[in-house]
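Working through the structure, step by step
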Amino acid sequence: MDIRKFSLPEIIFGHGSMEYTGSYALQLGAKKVFVVSDPGLEKSGWVKKLLQIIEASSLRWVYYSNVSSNPRDYEVHTGAELYKAEGADVVIALGGGSPMDMAKGVATVVSNGGTIQDYEGANLITSPLPPMIFLPSTAGSGSDISQFAIITDVGRKVKMSLISRSLTPNVSIIDPELLSTVDDDLLISSAVDALAHAVESYVSLIAHTLTETQALKAIHLILENMQPALKTRNPNALEFLSIAATAAGMSFSNASLGACHAIAHSLGGFFDTTHGMVHPVLLPAVMKYNLPACEEKMATIGEIVLGKRLSSARQTAAGGITRLHEIFLELGTATHFREIVNDRSAFPQICEMATKDACLLTNPRPATAEELLAICEEVW
Ligand SMILES: [Fe+2]
């Protein structure tokens, strides 16, 4: 086997684990922490609780919540100015993918200088970042685990992928209790994002037994716990969704993703769509396109989705993809692009941009802009 490296943060998992935030910040040398979150989490009371925990450790704090749902370059730069002006020393993010990616952007700019655009691509961050502690409030993005950050370049209408070992936070504190206040739409779009992370990293060209194990377990747990979590907010189901999102994060952070995410990034940069809304539309179509390149692996996914194997690998794989589409319909998500964007004339440009996204490099079947366009047209 090849020599491979695996990047992971220290993970503290479990109900009530949020209480450990202050002591971990102190261990990392904090005197004044830079806290990133958003108005939704302020409203649900979690920001207040986090700040109380931080104050109980005699730490000072500065709070930043200027975060769009697709975090923007100028918001990163404003945050970096505030961080420097306040003399902060440790970054704490509480939120879904947006506040966490914002925190990564701020940490990058304050320690490496320049603008966030300077770090678009892989391994361009050269100086160490301030310590980062992340508390995910959704079970989906995996930003608390991953070495990825996605920031929108507003001028170019492009979602930039930044990939670097430095972007993995030092500590990920995963408290499933935070999921108790998430609404249905966010619960679904986050879980579907985690499902796409698991599927795409499982069939990635650089998947490894260590990542494949995490990916398959994540698929299984998401499908098993999605409905009970939605219907009753059952604490066990929420905890399993958190574990699934974490496992999918471990997998995609180290095995990367594929065409579904390449198009989702490109589309999100252009239309400002919610990331998790794109996957129910695209994932089955991308899986169908990839099927000839990874039939056995798609059959393994199909077996989990269907709960059984059909008479051939091809049938099991195809049956799994069809069932996945049905599951998205049952969840009430959009399954056609026309339901989430109002104009397809930009699709050729979006697909052209998607061919430059780092995620496409690991897609199991090569895809040209024309082939990506055919996938998008199929699900218009
Ligand atoms: Fe994603």
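Residues numbered from 1 in each chain as written. Predicted model: local features only at pLDDT ≥ 70, side-chain atom pairs only at ≥ 80, totals over all residues.

1. Observations regarding the overall build of the chain
Applicable threshold: Put simply, DSSP H or I for four residues or longer makes a helix, DSSP E for two residues or longer makes a strand, and each gets a number counted from the N terminus. C-alpha atoms define the radius of gyration, and 2.2 Å times the number of residues to the power 0.38 defines the globule rule. Once C-beta atoms are placed from the backbone, each residue is buried if 20 or more other C-beta atoms lie within 10 Å of its own, exposed if 12 or fewer, and partly exposed for counts between those two. By definition, residue pairs are in contact when their C-beta atoms, positioned from the backbone, come within 7 Å.
Helix and strand content of the chain: 14 helices and nine strands. Relative to the 2.2 N^0.38 estimate, which gives 21 Å for 380 residues, the radius of gyration of the chain is 20 Å and therefore close to what a compact globule would have. Expressed as a percentage of the 380 residues in the chain, the buried residues total 55%. Considering only contacts in the chain between residues 6 or more positions apart, those separated by 24 or more positions represent 76%.

2. Details of unusual backbone geometry
Phi is positive for R233, close to 55°, though the residue is something other than glycine. Inspection of the secondary structure assignment puts R233 in the loop between α7 (209-232) and α8 (235-255). Residue class for R233 comes out partly exposed when judged on the 15 C-beta atoms lying within 10 Å of it. Of note in the backbone geometry, D272 takes a positive phi value of approximately 60° without being a glycine.

3. A short note on the pairing of strand β6 (residues 132-136)
Operational definition: Strands are labelled as partners when DSSP assigns at least two bridges between them.
Burial within β6 is extensive, with five of its five residues counted as buried. Burial along β6 is two-sided: M132, F134 and P136 facing one way and I133 and L135 facing the other are all buried. The pairing of β6 with strand β9 (residues 171-174) spans two bridges and is classified as parallel. What sits directly across from F134, in β9, is S172.

4. Some details on the pairing of strand β8 (residues 158-163)
Among the six residues of β8, six are classified as buried, and the element is accordingly described as predominantly covered. By the alternation rule, side chains of β8 split into V158, M160 and L162 and K159, S161 and I163, which are all buried. Bridge count between strand β7 (residues 148-153) and β8: six bridges; the pairing is antiparallel. Across the sheet, residue A149 finds its bridge partner in β8, namely L162. The turn linking β7 back onto β8 is made up of four residues, and K157 within it adopts a positive phi angle of 55°.

5. Topic: the domain arrangement of the chain
Our working rule: Where each domain starts and ends follows an automatic or database-derived domain assignment. Residues are grouped as follows: Ala, Val, Leu, Ile, Met, Phe, Trp, Tyr, Cys and Pro are nonpolar; Asp, Glu, Lys and Arg are charged; every other residue, Gly included, is polar.
For the chain, the domain assignment lists domain 1 (10-178) and domain 2 (184-378). Centre-to-centre separation of domain 1 and domain 2, based on C-alpha positions: 25 Å. In this assembly, 26 residues from domain 1 lie in contact with 30 residues from domain 2. Broken down by secondary-structure element, the contributors of at least two residues to the side of domain 1 that touches domain 2 are β5 (121-122), β7 and β8. For the side of domain 1 that touches domain 2, the leading source of residues is β8, giving four residues. Classifying every residue of the side of domain 1 that touches domain 2 gives 10 nonpolar, 13 polar and three charged.

6. Digging into the sheet that holds β7
If you trace the three strands from one edge of the open sheet to the other, you get β5-β8-β7, paired in mixed fashion. A strand with exactly one partner marks an edge of an open sheet, and here the two such strands are β5 and β7. For β5 and β8, the ladder comprises two bridges, and the chain directions are parallel. Residue G121 lies in a different strand from β8, and its bridge partner there is L162.

7. As for the packing of helix α11 (residues 295-306) against helix α12 (residues 313-331)
Counted only if it meets this: In this description, a line fitted to the C-alpha atoms serves as the axis of each element, helices being fitted only across the stretch in contact, and the angle between N-to-C directions of two axes falls anywhere from 0 to 180 degrees. Here roughly perpendicular refers to angles of 65 to 115 degrees, roughly parallel to angles under 35, roughly antiparallel to angles over 145, and oblique to all remaining angles. Should the near helix be turned anticlockwise from the far one by less than a right angle, the crossing is termed left-handed; should it be turned clockwise, right-handed.
Close contact between α11 and α12 brings their axes to 7 Å; oriented N to C, the two are set at 50°. Considered as vectors, α11 and α12 are oriented oblique to each other. Judged by the twist between their axes, the crossing of α11 over α12 is left-handed. Of the residues in α12, those in contact with E295, E296, M298, A299, I301, G302, E303, V305 and L306 of α11 are A313, R314, T316, A317, G319, G320, R323 and L324. Its residues placed into classes, the contact of α11 with α12 shows eight nonpolar, four polar and five charged.

8. Details of helix α13 (residues 347-354)
Defined as follows: Throughout, the arc means that of the directions going from the helix axis to the C-beta atoms.
The set of residues buried in α13 consists of F347, I350, C351, M353 and A354. Along the axis of α13, the buried residues cluster in a sector spanning 160°; they form a single face. Buried residues along α13 sit against β8, α9 (259-271) and α14 (369-378).

9. So, the environment of I375
Inspection of the secondary structure puts I375 in helix α14. Separated by 145 residues in the primary sequence, I375 and L230 have C-alpha atoms spaced 30 Å apart. Not counting residues up to four positions away in its chain, the partners in contact with I375 are A285, V286 and Y289.

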